[in-house]
Structures are given as C-alpha cells and as structure tokens.
Amino acid sequence: MSTPGAEGTQRETGRQAWLRTVAADVARLDRSSSAERAADILRRSITEGALPPGAQLSEVELTEVLEVSRNTLREAFRLLTHEGLLVYKLHRGVFVPELGEHDVIDLYRLRRVLEVDVVRGLAAREPELPADRLEPLRAEVDAAETAARADSWPAVGTANMRFHQQLIGLAGSSRMDAVTGRLLAELRLLFHVIAAPRELHEPYIGRNRALLELLEARKYDEAAADLHEYLLDSEHRILAAFRVR
C-alpha cells in the first residue's frame, strides 16, 4: 500500500507532467492566444483525464506555462466556470468540480439525445456516407486497441473520448461539436469514480469496433440501437460505482 508521502509525491509528479503538457500545447499556438484558447487547453486537460476532480488550479503556475496575463487566465477560468468545468471556492481558489449521481443521469440523457440522433440521422442525411468520413473514428478505435495492448488504460479512455467526439462530428454541426466538447470533459470527471481504469474502459474497446463496423456497413438504424444500449450500460456502470463508493 502506498504511504501518504508516496501518494503526495505521485500527485506532484503527475502535476508536473501535466504542466509540461500544457507548455507543449502553448508552444503550438500563435502569440495572439486568448482566454478562449487557454480555456480550450484546460478543457482538453480535463477531457484527457490530466485534471481530476478536486484538483486546484494555480494562477502562478498557469500564467507562466500558458504565457498569458493573470487577467486573461481569470477570463479563461470564468469561461470554464460558466461551463461547469471549474468552481470558485471563496478564499480558497479555483478547483475542478466533483460530480455526483445526478450529473451522471443528466449527462447520459444528453449523450443519448445527441449521439443516437446523429447516428440514426445518417440514414436520411448521408445514406452513402463516404468511407473517409469514418477514418477519424477508425483511428481512435485503433489507438484504443494499441493502448490496451500496452496496458495504458488512461490512454484507452482518452481514445474513447475522442471516438465519441468524432461520432458527433459526423453531424457536421459546429454547435453540436461545441456542446460535445463540454459534455465529454464533464464525463471524464465522472470516470474518476472508478479507481481501476481498465475495469471501466476495457468492455468498450470491442463495442466501439463493433459500432464502427455497423457504420461502415451503413446499418445506421442497427448502429443507433446498439449505441443506445451501449450508453445505458455505461451509465449503469458509473452509477453503480458511485453507489458503492
């Protein structure tokens, strides 16, 4: 069993690794980076599991690695607070929120409305969906399988997030893409309730592959029905984890 000191060291090591990732993201941006771009980097950190529930964000650290002013960073914090991805605690600072069972039910209701509708709508919108439109989904399925073979389960979770983001992308709607970005970031916060990432993500590697194959075969109604059950199963697993926590 890890000692408290060892756990603290692991958290600090993880934090430093995350800050290096943020700095690398900034290096790819132009120098006119705004609060929206800073917010996008932090949102992606949440979606990829680098910022867990309860994590505190340091203005001093982030103004340095994001290369923005304190005012710009505070505006980014404000944007993410409005999205429900950060919370401000009086006299304590800015934190990643801890979600509960109600959030599970609410988020999965929204997922079913969005994702199942996108897949079912392909029959009318793009019945002859070109194979290259599915390439981004195929890439994420391959990435998840590769990460699983390497026993890198957090990376499997990130590939899964991106798979569902690409699935919504089939709708060709910038508004739906924006909603999905926020939704998936909140969803990743829920995933932290399950201590073993493999237990959470492993069952869905094959299910993502099966869903992709249905889309490739243009069996959109069957894919929509399968996705509906998939999301119900995922919701029940997360709720069960909350109830035994």
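Look up: the structure comes first, before these words.
A brief look at the structure comes next. None of these values were measured; they are calculated from a predicted model.

Observations concerning the overall build of the protein chain
Link 1 in the chain: Secondary structure summary: the protein chain contains 10 helices and three strands in total.
Link 2 in the chain: Going from the N terminus to the C terminus, the protein chain shows its helices and strands as α-α-β-α-α-β-β-α-α-α-α-α-α.
Link 3 in the chain: Counting the 245 residues in the protein chain, one finds 43% classified as buried.
Link 4 in the chain: Accessible surface for the protein chain amounts to roughly 12600 Å². Of this, 51% is attributable to carbon and sulfur atoms.

Focus: the packing of aromatic side chains
Link 1 in the chain: For the coordinates displayed, the defined rule picks out one aromatic pair.
Link 2 in the chain: The ring of F95 is capped by K89, whose NZ or CZ atom sits 4.7 Å from the centre of that ring.

Some details on the sheet that holds strand β1 (residues 56-57)
Link 1 in the chain: If you walk across this open sheet you meet the three strands as β1-β3-β2, and the pairing is antiparallel. Since the sheet does not close on itself, it has two edges, and those belong to β1 and β2 (87-89), each with one partner.
Link 2 in the chain: The pairing of β2 with strand β3 (residues 93-95) spans three bridges and is classified as antiparallel. Within the sheet, the bridge partner assigned to K89 lies in β3 and is G93.

A word on helix α9 (residues 197-216)
Link 1 in the chain: With 20 residues, α9 should reach 28 Å at 1.5 Å per residue; the first-to-last C-alpha distance of 29 Å fits that figure.
Link 2 in the chain: The sharpest bend along α9 reaches about 25° and sits at I205.
Link 3 in the chain: Every buried residue of α9 is listed here: L200, H201, Y204, I205, N208, L211, L212, L214 and L215.

Some remarks on the nonpolar core
Link 1 in the chain: In terms of nonpolar packing, the biggest core is built from 66 residues, with L170, L215 and I238 touching the most fellow members.
Link 2 in the chain: When residues in this core are grouped by element, the largest group, 10 residues, is from helix α10 (residues 220-244).
Link 3 in the chain: Excluding anything up to four places from it in sequence, L215 contacts V119, L122, L134, L137, L167, L170, Y220 and A223.
Link 4 in the chain: Among the nonpolar cores identified, the runner-up in size contains seven residues, and A144, A147, A148 and I205 belong to it.

Considerations on unusual backbone geometry
Link 1 in the chain: Positive phi, normally seen in glycine, also occurs at H91, with a value near 65°.
Link 2 in the chain: Here H91 shows up in the loop between β2 and β3.
Link 3 in the chain: Overall, the relative accessible area of 75% leaves H91 in the exposed class.
Link 4 in the chain: Even without glycine at this site, D151 takes up a positive phi of about 60°.
Link 5 in the chain: Mapping D151 onto the fold places it in the loop between α6 (135-149) and α7 (153-169).
Link 6 in the chain: Taking relative accessible area as the criterion, D151 reaches 49% and is therefore assigned partly exposed.

Details of the packing of helix α2 (residues 35-47) against helix α8 (residues 174-191)
Link 1 in the chain: In the contact formed by α2 and α8, the axes pass within 7 Å of each other and the chain directions differ by 45°. Comparing their axes, α8 and α2 come out oblique. In the crossing of α2 with α8, the sense of the turn from one axis to the other is left-handed. Contacts from R43, I46 and T47 of α2 reach α8 at G181, R182, L184, A185, R188 and L189.
Link 2 in the chain: Residues of the contact of α2 with α8, tallied by class, amount to four nonpolar, two polar and three charged.

Some words on the packing of helix α5 (residues 101-125) against α7
A pair of packed helices can be characterised by two numbers: the angle between their axes and the separation between those axes.
Link 1 in the chain: It is at 8 Å that the axes of α5 and α7 come closest, and there the two elements cross at 55°. Considering the angle they form, α5 stands oblique to α7. In this structure, the crossing between α5 and α7 has a hand that is left-handed. Here R111, L114, E115, V118 and V119 of α5 come into contact with α7, specifically with H164, L167 and I168.

Structural notes on α5
Link 1 in the chain: Taking 1.5 Å of rise per residue, the 25 residues of α5 would be expected to cover 36 Å, and the 35 Å separating its terminal C-alpha atoms lies within 8% of that figure.
Link 2 in the chain: The largest bend along α5 measures about 30° and falls at V119.
Link 3 in the chain: All of the buried residues in α5 are V104, L107, Y108, R111, R112, L114, E115, V116, V118, V119 and L122.

Here we look at the pattern of salt bridges
Link 1 in the chain: Under the criterion given, the structure shown has 19 salt bridges.
Link 2 in the chain: Residues D106 and R109 are paired through a salt bridge, measuring 3.3 Å at the closest nitrogen-oxygen approach. With D106 and R109 both in helix α5 and three residues apart, this pair spans about one turn of that helix.
Link 3 in the chain: Judged by its relative accessible area of 46%, R109 is partly exposed.

Definitions and cut-offs
- Residues numbered from 1 in each chain as written.
- Predicted model: local features only at pLDDT ≥ 70, side-chain atom pairs only at ≥ 80, totals over all residues.
- Heavy atoms only, no water.
- Helix = DSSP H or I, 4+ residues; strand = E, 2+ residues; numbered from the N terminus.
- Buried < 20%, exposed > 50% of the residue type's maximum accessible area, 1.4 Å probe, protein only.
- Areas by Shrake-Rupley, 256 points an atom, 1.4 Å probe, with all protein chains shown as cover.
- Phe/Tyr/Trp six-rings, centres within 6.5 Å; stacked < 30°, edge-to-face > 60°.
- Lys NZ or Arg CZ within 6 Å of the ring centre and 35° of its normal.
- Pairing = 2+ DSSP bridges.
- Expected span 1.5 Å × (residues − 1).
- Bend = angle between axes of the 7 residues up to and from the residue.
- Core = buried A, V, L, I, M, F, W, Y, C linked by side-chain atoms within 4.5 Å.
- Contact = heavy atoms within 4.5 Å.
- Axes fitted to C-alpha atoms, helices over the stretch in contact; angles between N-to-C directions.
- Parallel < 35°, antiparallel > 145°, perpendicular 65-115°, else oblique.
- Left-handed = near helix turned anticlockwise from the far one by under 90°.
- Nonpolar A, V, L, I, M, F, W, Y, C, P; charged D, E, K, R; others polar.
- Salt bridge = Lys/Arg side-chain N within 4 Å of Asp/Glu carboxyl O.

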